[in-house]
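If you want the building blocks of each chain, they are given just below.
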Amino acid sequence: MSLVIIFLLWFFSSPFFALSQPTTSPQDFLLSCGDTVGLTTGRLKFLPDKDFQSLGNTTTLKQPGLLPILSTLRFFTELQARKYCYVFNVTQGDKYLVRTTYYYGGFDGGTQPPVFDQIIGGTKWSIVDTAEDFANGLSSYYEVVVAAVGNSLSVCLARNNDTTSHPFISAIELSKLDDSLYNTTDLNKFALSSIARSSFGDDARISFPDDLFNRKWNSFKDLNPVEENKNKVNPEDFWNKPPAKAFLSSITTTKGKPLQIQWPPGPLPNSRYYIALYFQENRAPSHESWRIFNVSVNGNTFFKDLNVTTNGVAVYGNEWPLSGQTNITMTPRDDMSVGPIISAGEIFQLLPLAGTTFPRDVAAMEELAKHFKNPPIDWNGDPCLPWENSWTGVTCTKSKHTRVVSIDLKGFEISGTLPESIGNLTALKHLRLGGNKLWGQIPEMKTLTALETLHLENNQFEGWIPQTLSQLPILREIFLQNNNLDGQIPDGLWKPGLNIQ
């Protein structure tokens, strides 16, 4: 497996092997992007992505010998969209492993895969650049562990300044994780972007069903001796529940010698990382089946006097600073009759979250999108975040708790109605919906105390003008001309400083 730095984030690459997904939770999703009927890989079923995505085009790659999961993709040609989102129904507070898979295959007639961004929730996750993998005949996948801040979780692609063709995607997998997994990280502040997950000394890749959470464990070997383990472990004994197969072999060294490994193999960008290391005594159970050693990372003490037994043990480092090459050294205690041993490891880069859009604003914007028959094509996912990828026509505050402050869709030819829930956008300053085909009654807006401009002209609104508009303290423009409204403008709206049309 090659590992390549992409700015602050890494991605994994893999040959054309089948992807897999646990079936134990109704909140797990497997999507085969661009597929029309779905496909089965082993015991696992991938759904077509058509119920999750209406944008873009689909294509089938004709490359001989390509596995079905990589043979279709969806690519996005809509230049006016700020992002292209898949939205999944999840449970607020639960944590999920998200994996995106990419295989270019020259779908656009070119030889160089396009470069673009991917976004998880409201946070820019990474830059997708699969050129090196594609040149080596490999697909690429990225992973992130994230907590759901609401009842939906979006996975989006977006163009950036380096995008010369069309963003594309081959597959998306979303797997619910148990509460104990990676529980030392505050997932309200960070996501965990996968750097490496390795079983030491083994040649086999490990995935579902051996790993019930659909994690992929790749083989790591160096020049150190490899020994097979004679004892079984119970994954339930570990917070992160690593698969038992990850302990089948271990890297070790001889008596009295430190065990040194350079893992992950490539250099890391200067950042903070979550590190989990897994150990097991490989000898048959006896009164001597244990070993004690110190663990250091780049010369800094990671764990002192670690006692490794046949039951296995794990140690964790949260927000650990790393830069460049990572060297892990295990130094045996002087009285040990055997050298140190290590079975597996995981490392994630801590990805600071971009903040959150005020949940009530998110719900109100989603409700507005449902009431519009033809909203802008990118009205999906987080309406505000990332700020450069907010919904078309939507402006938000750049603050810790982001608020919607402006909706400007003048002349978009949108049809539909304006729901009462518009009143939940209590930070809204400007609502400009003139020149559309909106109908129905103008809802009450007395809660929009920050509203300065209300433009609803040249639509098909009917009924009475709400009297409560006169209660908005800083409203300075209200345009209602060329609708089908009844009655007169309420007397309370005739006041100095308010421009009425």
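The notes below deal with the structure included here. Chains are numbered independently. Their residues run from 1 in the order of the written sequence. Only residues with pLDDT of at least 70 get local features here, since the model is predicted, and only at 80 or more are side-chain atom pairs given and counted; chain-wide, interface and lining totals rely on the full set of residues. Note that water and hydrogens are dropped before the side-chain values are worked out from all heavy atoms of the structure.

### Observations regarding the pattern of salt bridges
- Every case where a carboxyl oxygen of Asp or Glu lies within 4 Å of a side-chain nitrogen of Lys or Arg is listed as a salt bridge. Inspection of the entire model under this criterion finds 20 salt bridges.
- Linking R432 and D408 is a salt bridge whose minimum nitrogen-to-oxygen distance equals 4.0 Å. Of this pair, R432 sits in strand β33 (residues 430-432) while D408 sits in strand β31 (residues 404-408), and the two are 24 residues apart along the sequence.
- Using a 1.4 Å probe on the protein chains alone, a residue whose accessible area is under 20% of its type maximum counts as buried, one over 50% counts as exposed, and one in between counts as partly exposed. On the accessibility criterion, D408 (32% relative accessible area) is partly exposed. The numbering of helices and of strands both runs from the N terminus, where a helix is a DSSP run of H or I of at least 4 residues and a strand a run of E of at least 2.

### Some words on the state of the cysteines
- Two cysteine sulfur atoms make up a disulfide if the distance between them is within 2.5 Å. Following the criterion strictly, the structure yields 2 disulfides and no others.
- The disulfide bridge from C85 ends at C156, spanning 2.1 Å between sulfur atoms. When the S-S torsion is 105°, as for the bridge of C85 with C156, the disulfide is right-handed. Taken as a pair, C85 in strand β8 (residues 84-89) and C156 in strand β13 (residues 152-158) lie far apart in primary sequence, 71 residues in all.
- Given the relative accessible area of 0%, C156 is considered buried.
- With a sulfur-sulfur separation of 2.0 Å, C384 is cross-linked through a disulfide to C396. Classification of the bridge connecting C384 and C396 rests on its S-S torsion, roughly -75°, and on that basis the disulfide is left-handed. Here the residue C384 occupies a position in the loop between α2 (359-371) and β29 (394-396), and C396 occupies one in strand β29, the gap between them amounting to 12 residues. The burial state of C384 is the same as that of C396; both residues are buried.
- What connects to what in the chain, once the bonded cysteines are numbered by sequence position, is 1-2, 3-4.

### Digging into α2
- The span you would expect from a helix comes to 1.5 Å times its residue count less one. Helix length check: α2, at 13 residues, gives a terminal C-alpha distance of 19 Å against a target of 18 Å (1.5 Å per residue), a fit within 8%.
- The inward-facing, buried residues of α2 abut β28 (356-357), β29, β30 (401-402) and β31. Residue contacts are defined here by distance: any two heavy atoms, one from each residue, within 4.5 Å place the two residues in contact.

### As for the sheet that holds strand β7 (residues 72-75)
- Here a strand pair is declared whenever DSSP counts at least two bridges between the two strands. Across the sheet, 3 strands lie side by side as β6-β7-β14; this open sheet has antiparallel pairing. Each edge of the open sheet is held by one strand with a lone partner, namely β6 (57-60) and β14 (168-169).
- The pairing of β7 with β14 spans 2 bridges and is antiparallel. Across the sheet, R74 pairs through a bridge with I169, a residue of β14.

Honestly, it's all geometry; don't read function into it.
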